[in-house]
Amino acid sequence: MLFRSVTSSEIHLLNALTYHLMALAGDTGKYEMAEEGYRVALRFDPANWLADYHLGLCYLDQRKYALAQAHLASAATTERNDAELLFDLAVASYYAGDPRVAEGALKRLREVAPARARQTDALRAAVMVQAALNDADGVKRTLAEFRAVGGAPETDRKSTRLNSSH
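Rules behind the numbers
- Residues numbered from 1 in each chain as written.
- Predicted model: local features only at pLDDT ≥ 70, side-chain atom pairs only at ≥ 80, totals over all residues.
- Heavy atoms only, no water.
- Phe/Tyr/Trp six-rings, centres within 6.5 Å; stacked < 30°, edge-to-face > 60°.
- Helix = DSSP H or I, 4+ residues; strand = E, 2+ residues; numbered from the N terminus.
- Expected span 1.5 Å × (residues − 1).
- Buried < 20%, exposed > 50% of the residue type's maximum accessible area, 1.4 Å probe, protein only.
- Arc of directions from axis to C-beta.

Caption draft 1: The arrangement of the packing of aromatic side chains in detail. In the structure shown here, the tally under the stated rule is three aromatic pairs. Between W49 and Y53, the ring centres sit 6.3 Å apart and the planes meet at 25 degrees, which makes this aromatic pair stacked. Taken together, the residues W49 and Y53, both in helix α4 (residues 49–61) and four residues apart, mark about one turn of the helix. For the ring pair Y94 and Y95, a centre distance of 5.2 Å and an interplane angle of 75 degrees mean the geometry is edge-to-face. An aromatic cluster is defined as three or more aromatic residues linked by ring pairs; in this entry it consists of Y65, Y94 and Y95.

If you want it as structure tokens, here you go:
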């Protein structure tokens, strides 16, 4: 039984999650241990989308955006309807300088979880992605929706900043 647990993807995932939480709590040296744990979990089960997802989050927490995007995209190919995964993929993609993938993730988010897509953080992300893509009409529509859900003070600052850049 002990030998089986050493090769268990799930055990390595749980171990990695522990190190990841320790890193988030301030022991940043544990990020490396978390990354390795997630990679080992994937080595034992390449289809373990949760290991890919959490490795992506681990990289996102460290601002390693291209690595985060790669692992989140891999997880999203398996788990296409997870709203938080899609949002995290959009964020990582935007910061990795890939607004097209971010736009696709946000579009999928609107399809599978419309209520989640209308939350202020998702609308904020949509505005930034649309601005990066020079989609002025999309920015205007999303800013109006953002205002409607109570994002008015922040929306006014974004409108001023976006208008001054055109």
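Caption draft 2: Structural context of helix α2 (residues 9–24). Taking 1.5 Å per residue, 16 residues should reach 22 Å; α2 reaches 22 Å between its end C-alpha atoms and fits that length. Every buried residue of α2 is accounted for by S9, H12, L13, A16, H20 and A23. For α2, the angular spread of buried residues about the axis comes to 100 degrees, placing them on one side. Facing away from the buried surface of α2 by more than 90 degrees, the exposed residues are L14 and L21. Within two residues after α2, G26 carries a phi angle of roughly 125 degrees, on the positive side.

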